[in-house]
Amino acid sequence: MSQTRNKNRPKVVVTRKLPDSIETRMAELFNVTLNLADTPLTQDELKAAVAEADVLVPTVTDTIDSDVLAAAGKKLKLIANFGAGVDHIDLAAAHEKGITVTNTPGVLTEDTADLAMALILSVPRRLFEGEKILRSGDWTGWTPTFLMGHRIQGKRLGIIGMGRIGRAVARRAKAFNMSIHYHKRTRLPEQVEDEMEATYWEDLDQMLARMDFVSVNCPLTDETYKLLDRNRLKKLQPHAVIINTARGGIVDEEALADLIEVGRIAGAGLDVFEEEPTINPKLLELDNVVLLPHMGSATIEGRVAMGEKVLINIRTFVDKHRPPDRVLPF
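Residues numbered from 1 in each chain as written. Predicted model: local features only at pLDDT ≥ 70, side-chain atom pairs only at ≥ 80, totals over all residues. Heavy atoms only, no water.

**Concerning the side chain of Asp325**
Heads up, the rule is: Helix and strand labels come from DSSP, where a helix needs a run of H or I of at least four residues and a strand needs a run of E of at least two; each type is numbered from the N terminus. Per-residue accessibility, obtained with a 1.4 Å probe over protein chains only, is compared with the maximum for each type, and a residue is labelled buried under 20%, exposed over 50%, and partly exposed between these values. Think of a polar contact as two N or O atoms within 3.5 Å of one another; within protein, one of them needs to be a possible hydrogen donor and the other a possible acceptor, and neighboring residues in sequence only count if both atoms come from side chains. Throughout, a residue-residue contact means that at least one pair of heavy atoms, one from each residue, lies within 4.5 Å.
Within the element layout of this structure, Asp325 appears in the loop between helix H13 (300–318) and strand S14 (326–327). On the basis of relative accessible area, Asp325 is assigned to the buried category, the value being 9%. Engagement of the side chain of Asp325 in a polar contact is seen with the side chain of Lys309, the distance being 3.3 Å. Dropping the residues within four chain positions of it, Asp325 is found in contact with Val101, Thr102, Asn103, Pro105, Lys309 and Asn313.

So, in C-alpha cells, the structure goes:
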C-alpha cells in the first residue's frame, strides 16, 4: 500500500489499483492510501481500512457487509464505490450508521452494451469454436458446411432490465434488425417504446418462452437473485441463447450448464459469474458458451470516467454538499 500524508485532508483508502491518472489526482487532493499491488483485500483488511478512513473507495471485489461496517470508525462517512453496481455493499447497514454511499452510473453504459452485443453476435456465429480450431491447428480449409451458425437479423431479443444499459443494448440490436422485447418492473414511457419499437412483457415467463436471445441487464438484488432459475430457464426454446453482462447471481449457472449440455438451450455468452473468479467447471467444458473475465466496462475511457466520478463524489461530499451519485437502500 502507498500513502500520502496531509493532516488537513480527508483520509481516503482505495482498495484496488485504479488508472494512474485517477490515483495521481487522488494523491494531489487527499490523504490517500493506494493498493499498488492490486491484491484484493481480505475481510480483516477491509475492517482495518474502514476503521481508519474518512472515505472508502471499494470495487465489486470487496464485500462491504454489516460485519465490515460494524468495524467502521466514527470518521467513516462516505463509501465512494468505483463501479455502478452496489450489490456488494450492505446499503441498509451503511445507512443505519449514517454512511453515505455513491456509485458511478452512466459512464460504463456504452462499453457494457458493446460487449453484450459482441456476445450476441459471437455465440450464434460460433466465433469461439472457430478461433479454438484455428489455434489448435485442426483447420483443414473452407468447406460449405463447416461451423454453420445462425444469423441474428429478424430474431427476437428479450431484455431483462431496461435501464441505461438495457436501452443501449436495444439500440444496438435494433441496428441489426432484431425485434426488441423487454421485461421491467415499471413500463417505459410510450414515446421511448415507440422509438425503440420495443414490446413490453409484464410477465417474464411469457417473454422467455418466445425469445431467440435473452440479455440480462438488471441489477442484482434480493428480488433478482436466481431470477433465471432452473424452472424459468426451462421455459426457453431449445434454440435460445442467454447473454449475461450484469451479475452472475441473477442466473442459476448450474441449471444453465445442465440445460445447455443436453440441448435444451442453444448456448450462452457470459461476462459475469456467481462465484467470481471461480467459474463453474461445467461451463468451461461447453464449446457453445463464450466466457469472458468480467470485462464489460474494461475500456481505458470508461475506467478513467468511473474514477473521475469517484473524485467528483468525494469532492462534493467533502465540501458538505450532496454528492451527485448518492445511492439509497432499496
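Here the narrative resumes, following the displayed structure.
**Focus on helix H7 (residues 164–175)**
Given 3.6 residues to a turn, an α-helix orients residues that are three or four positions apart in the same direction. As a reminder, the rule being used: How far a helix is expected to stretch is found by multiplying one less than its residue total by 1.5 Å.
A rise of 1.5 Å per residue sets the reference length of H7, with its 12 residues, at 16 Å; its end C-alpha atoms lie 17 Å apart and thus fit the reference within 8%. Among all positions of H7, only Gly166, Ala168, Val169, Ala170, Arg172 and Ala173 are buried. In this fold, the buried residues of H7 make contact with helix H5 (109–122), strand S7 (156–160), strand S8 (179–183), helix H8 (190–196) and strand S10 (213–216). Of the residues one or two after H7, Asn177 is the one with positive phi, at around 60°.

**Considerations on the side chain of Thr109**
With respect to the helices and strands, the residue Thr109 is situated in helix H5. Of the residues examined, Thr109 reaches a relative accessible area of 6% and is grouped as buried. Looking at Thr109, its side chain comes within polar contact range of the main-chain oxygen of Gly106, at 3.1 Å. Every residue in contact with Thr109, bar those within four places of it in the chain, is listed here: Arg164, Ile165 and Ala168.

**Some words on the sheet that holds strand S13 (residues 289–291)**
Note the following rule: The pairing criterion is simple: DSSP has to find at least two bridges between the two strands. Only the stretch in contact is used when fitting a helix axis, every axis being a line fitted to C-alpha atoms; angles between N-to-C directions are given from 0 to 180 degrees.
The seven strands lie next to each other as S9-S8-S7-S10-S11-S12-S13, forming an open sheet whose pairing is parallel. Both outer strands of the open sheet, strand S9 (198–200) and S13, are each paired with one neighbouring strand and no more. Each neighbouring strand pair of the sheet contributes to a mean axis angle of 20°, computed without reference to strand direction. One ladder, built from four bridges, connects strand S11 (residues 241–244) with strand S12 (residues 267–270); its direction is parallel. Each bridged residue has a counterpart across the sheet, and for Asn244 the counterpart in S12 is Leu270. Helix-sheet contacts for H5 involve S7, S10, S11, S12 and S13, and the interaxial angle to S11 is about 160°. Against the sheet, helix H11 (residues 253–261) makes contact with S11, S12 and S13, and its axis sits at roughly 145° relative to S12, the strand it touches most.

**Structural notes on the pairing of S12**
In plain terms, the rule: Convention used here: a crossover is right-handed provided that the path from the first strand, over the helix, to the second strand proceeds clockwise when the strands point away from the viewer.
Burial along S12 is two-sided: Gly267 and Gly269 and Ala268 and Leu270, pointing in opposite directions, are all buried. For the crossover that starts at S11, traverses H11 and ends in the parallel S12, the hand is right-handed. The pairing of S12 with S13 spans three bridges and is classified as parallel. Bridge pairing in S13 places Gly269 opposite Val290.

**Some points on the packing of helix H1 (residues 20–29) against H13**
Selection criterion: Roughly parallel here means an angle under 35 degrees, roughly antiparallel means over 145, roughly perpendicular means 65 to 115, and every remaining angle is called oblique. Left-handed describes a crossing whose near helix is turned anticlockwise from the far helix by less than a right angle; the clockwise case is right-handed.
At a closest axis distance of 9 Å, the pairing of H1 and H13 adopts a crossing angle of 15°. Taken together, the axes of H1 and H13 are roughly parallel relative to one another. As for how H1 packs across H13, the hand of that crossing is right-handed. Note on element contacts: H13 touches H1 through Val304, Gly307, Glu308, Val310, Leu311, Ile314 and Arg315, opposite Ser21, Ile22, Arg25, Met26 and Leu29.

**Things to note about the UniProt feature "domain: D-isomer specific 2-hydroxyacid dehydrogenase NAD-binding" (unreviewed entry) in the protein**
Quick note on the threshold: UniProt positions are given in the numbering used here, feature names are shortened, and annotations may be inferred rather than shown by experiment.
According to UniProt, the positions carrying the feature "domain: D-isomer specific 2-hydroxyacid dehydrogenase NAD-binding" (unreviewed entry) are residues 117–296. End C-alpha atoms of residues 117–296 are separated by 11 Å, and the span's content is 32% helix alongside 16% strand.

**Focus on the UniProt feature "domain: D-isomer specific 2-hydroxyacid dehydrogenase catalytic" (unreviewed entry) in the protein**
In this structure's numbering, the residues bearing the UniProt feature "domain: D-isomer specific 2-hydroxyacid dehydrogenase catalytic" (unreviewed entry) are residues 13–327. Secondary structure across residues 13–327 comprises 37% helix and 14% strand; the distance between its end C-alpha atoms is 19 Å.

**Topic: the pattern of salt bridges**
This is how the line gets drawn: Salt bridges are identified by distance alone: a Lys or Arg side-chain nitrogen within 4 Å of an Asp or Glu carboxyl oxygen.
Counting across every chain of the model gives 21 salt bridges. A salt bridge links Arg16 to Asp38; its shortest N-O distance comes to 3.0 Å. Taken as a pair, Arg16 in the loop between strand S2 (11–14) and H1 and Asp38 in the loop between strand S3 (31–34) and helix H2 (43–52) lie far apart in primary sequence, 22 residues in all. Among the ionic pairs, Arg171 bridges to Glu110, the shortest N-O distance being 3.2 Å. Of this pair, Arg171 sits in helix H7 while Glu110 sits in helix H5; the two residues are 61 residues apart in sequence, bridging distant segments of the chain. Looking at Arg171, the relative accessible area reads 44%, which means it is partly exposed.

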